[in-house]
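Structure assessment
These are the residues of each chain, in order.
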Amino acid sequence: MASGAAGLILSAFVAASSTAAIAQDDGSWNLSPSTGEASTQPDSKKPPLDLNGCWSGTIDDTKNGAGTGFLFFVQDGTKLGVGTGAELDIPSLGSASGPLKGKANSQDFELGFHGKGCNISFHGTISNSGDLTGMYHLSKKCFGQVLKGTFDYTFDVTSASCP
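Notes on the structure follow. (Residues numbered from 1 in each chain as written. Predicted model: local features only at pLDDT ≥ 70, side-chain atom pairs only at ≥ 80, totals over all residues. Heavy atoms only, no water.)

Some words on the sheet that holds strand 6 (residues 79-80)
As a general point, the strands of a sheet are linked pairwise by backbone hydrogen bonds and lie either parallel or antiparallel. Counted only if it meets this: Two strands form a pair only when DSSP identifies at least two bridges running between them. Helix and strand definitions here come from DSSP, where helices need a minimum of 4 consecutive H or I residues and strands a minimum of 2 consecutive E residues; each element is numbered from the N-terminal end.
Taken together, the eleven strands give an open sheet; going across it, the order is 5-6-9-10-11-12-13-3-4-7-8, and neighbouring strands pair in antiparallel fashion. Sheet topology places strand 5 (75-76) and strand 8 (94-99) at the edges, where each strand pairs with a single neighbour. Where strand 5 meets strand 6, two bridges bridge the pair, whose relative direction is antiparallel. Looking at strand 6, one finds that Q75 is bridged to L80.

Some thoughts on the state of the cysteines
Keep this limit in mind: Cysteine sulfurs are considered disulfide-paired once they come within 2.5 Å of each other.
Enumeration according to the criterion identifies two disulfides in this entry. The disulfide partner of C54 is C162, and the S-S distance across this bridge is 2.0 Å. The disulfide joining C54 to C162 has a torsion of about 85 degrees about its S-S bond and is therefore right-handed. Linking C54 in strand 3 (residues 53-61) with C162 in the segment after strand 13 (147-156), this pair joins segments that are 108 residues apart in sequence.

With respect to unusual backbone geometry
As a reminder, the rule being used: A 1.4 Å probe rolled over the protein chains alone gives each residue an accessible area, and that area as a share of the maximum for its type sets the label: buried under 20%, exposed over 50%, partly exposed in between.
If you check the backbone angles, S92 has positive phi at about 65 degrees while not being a glycine. Mapped onto the fold, S92 is located in the loop between strand 7 (85-90) and strand 8. According to the relative accessible area criterion, S92 is exposed, its value standing at 74%.

Side note on the packing of aromatic side chains
The following threshold applies: Stacked, tilted and edge-to-face are the three classes assigned to paired rings of Phe, Tyr and Trp, where Trp is represented by its six-membered ring and a pair needs centres within 6.5 Å; plane angles under 30 degrees give stacked, over 60 edge-to-face, the rest tilted.
The tally for this structure, following the rule as stated, stands at six aromatic pairs. Consider the rings of F73 and F109, whose centres lie 5.3 Å apart with planes at 80 degrees: the pair is edge-to-face. Placement of F73 in strand 4 (residues 65-73) and of F109 in strand 10 (residues 109-113) is noted, with a sequence separation of 36 residues between them. Take F73: its relative accessible area is 1%, and that puts it in the buried class. In this structure F109 comes out as buried when scored by relative accessible area, which is 0%. Measuring from ring centre to ring centre gives 6.5 Å for F122 and Y136, while their planes differ by 45 degrees; the resulting arrangement is tilted.

By themselves, these observations are geometric and do not establish any function.
Below, the structure written as structure tokens:
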């Protein structure tokens with residue numbers, strides 16, 4: 001009887017560990033599918049990514065193709081706040097720009113703007129080559145359709161590409 005109960009508990013644990021975990025923070029989302037192995041969490045003792053300044057380059061929108069954009073970070077430890085912003089120039093649609101806020105840890109960052117109109121979010125990291133890479137998402141209210149894609153930005157020491 002005891003082994004039957006232990007088997008039932010073990011089965012419940014295995015089933016729970018194979019589902020995707022969804023976390024919500026200020027309207028942004030992050031999917032973390034479980035592989036059944038111990039997850040790798042950012043080390044809280046490591047400093048956050050150093051993002052401060054201007055990053056610019058290319059975007060690849062899944063519906064509209066290649067475009068350009070930038071992210072400008074004002075960083076205070078793990079917080080990305082006042083002065084942080086972005087612009088995306090989306091082919092055949094126009095541009096979207098504005099302020100963002102978010103957070104960073106030792107492995108990645110999340111940024112977003114969530115209002116009555118256009119909602120936008122960015123999630124990314126610094127690649128091994130030193131580029132800022134990740135994904136963006138714009139709600140349907142921005143251009144009448146949901147837009148998403150990837151970005152690949154390099155650090156602009158002069159900040160010339162960020163207004």
